[in-house]
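Descriptive analysis of the structure
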Amino acid sequence: MTVPPQHNPYSVRVPKKRQALRNAESPPRVDYPLVPWSETSHSEQWVDVDHAKAQVDTFRKWLERLPDVVDSGVNYGSLVVVTGPIGMGKTTLIHRCVHEAQEHIERMDPDPPLKQVVAMTAGYDNIGDVISLDDNGRFATVPAINAGIVKQVVGELRTKLTHVDTGISKWSPGEAFEAISELLEQQDALLFVIVPHIAWKDPGVRSEFLLTCLKHARSRIILFAEISHGATDRAKEVVKEVVRHPAVTHLELGHLKGDDRVAFSQAARSGHPDPDATLLTDWEPADVRELRLVYHAAAEHQIRAGEPVRITARELSHQAERLRREARENLLGALAEDSPPEPSPPDPSPPGHSPAEDTPLGRPAPPAGP
């Protein structure tokens, strides 16, 4: 398949990206979370790896209980905790769930229509530093982080609803979310709050924060909390403090498996021939992010060469090795810059004496005789 110049089928457009230059379209990104509820083209790039579809199906079952979330008599909303390793698509899964919820509500066709507000407390890419660092770049206190979340939510509500009291953002988080729940009921609205992964130093503090999030998920509020964990952590241990509550849904992503690479190739090839599945064993990607980066690099290499994009196992292996080699070189370069310079050997010459003065024009002196 021949593609237009400068178009890479594996690029990801940033939703509602502001134009840096007038009449110049913002270029797509190599790697970016998929946000199908805000950018329609993203729904075509969704790929079922690591049984992500099974997690979406779990959320769809939860959607059947949506009438309870909007019922003020139930007195709680919903907390969806999404756990998994870094780079496995947790943020994309959260956005996918928001997309599924919006489509579900549209099929329900409530009368009057249910207003929907999405508050991304750390932007589309869901980077925790936005709310977890203070003005000095240091890790903020837990009350300050909670206050930052409330401030972001109130700011988004003001763009979608009427009669929003900006003073709510200065209340305690518990009182603020209770007032927000009442406001949503008055204006027949539903609120999705997306909270990023925060690099807590203490698992106990992380558990307390999740319990706080559960308390904030009041009627008409669906709160998504993202948690990254390493290979030694078990997802059930991460959420053990809250997972027993009926308002909590746990969506769990794991590591890539062998068939995931084939599934990605089949779903993301954009009309290109499949690479031979047996040859894909030569390349062991660490996560979904690396999958996307390597496919993008393979397509970009062919586009720059003026060739039609045709993904092959050989091209994937070549680009994967190139990217890893560059990553190693960049890492070694960064380590070299951080290392202190080696001390120079001591000069045996007396002070004020230069060895170059011993020979004409600084040439080496002849070896000494016996």
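What you are looking at is a predicted structure, and each value in this text was computed from that prediction instead of being measured.

Side note on the sheet that holds strand 5 (residues 248-252)
- Strands sit in the order 2-3-4-1-5 across an open sheet of five strands; the sheet is parallel. The open sheet has two free edges, formed respectively by strand 2 (115-120) and strand 5, since each of these has just one partner strand. If you compare each strand with its neighbour and ignore which way they point, the axes differ by 15° on average.
- As paired elements, strand 1 (residues 78-84) and strand 5 share five bridges and run parallel to each other. Looking at strand 5, one finds that T83 is bridged to E252.
- Its contacts with the sheet place helix 6 (residues 173-186) against strand 3 (189-195) and strand 4 (221-228), and it is angled at close to 135° to strand 4.
- Sheet strands in contact with helix 7 (residues 203-216) are strand 1, strand 3, strand 4 and strand 5, and its direction is about 165° off that of strand 4.

Some points on unusual backbone geometry
- Along the chain, D111 connects to P112 via a cis peptide bond; the corresponding omega equals 0°.
- Along the polypeptide, P112 turns up in the loop between helix 3 (90-108) and strand 2.
- Positive phi outside glycine occurs at D109, with the angle close to 50°.
- By secondary structure assignment, the location of D109 is in the loop between helix 3 and strand 2.
- Judged by relative accessible area, which is 60%, D109 ranks as exposed.

Structural notes on the confidence of the model for the protein
- When pLDDT is averaged along the protein, the result is 83, and 81% of the positions lie at 70 or above.
- Mean pLDDT in the protein bottoms out at helix 8 (residues 235-238), which sits at 74, and peaks at strand 3, which reaches 97.
- Under a pLDDT of 50 for its full length, residues 351-370 has, in the predicted model, five contacts with residues more than four places off or in other chains.

What counts and how
Residues numbered from 1 in each chain as written. Predicted model: local features only at pLDDT ≥ 70, side-chain atom pairs only at ≥ 80, totals over all residues. Heavy atoms only, no water. Pairing = 2+ DSSP bridges. Helix = DSSP H or I, 4+ residues; strand = E, 2+ residues; numbered from the N terminus. Axes fitted to C-alpha atoms, helices over the stretch in contact; angles between N-to-C directions. Contact = heavy atoms within 4.5 Å. Buried < 20%, exposed > 50% of the residue type's maximum accessible area, 1.4 Å probe, protein only. pLDDT = per-residue confidence, 0-100.

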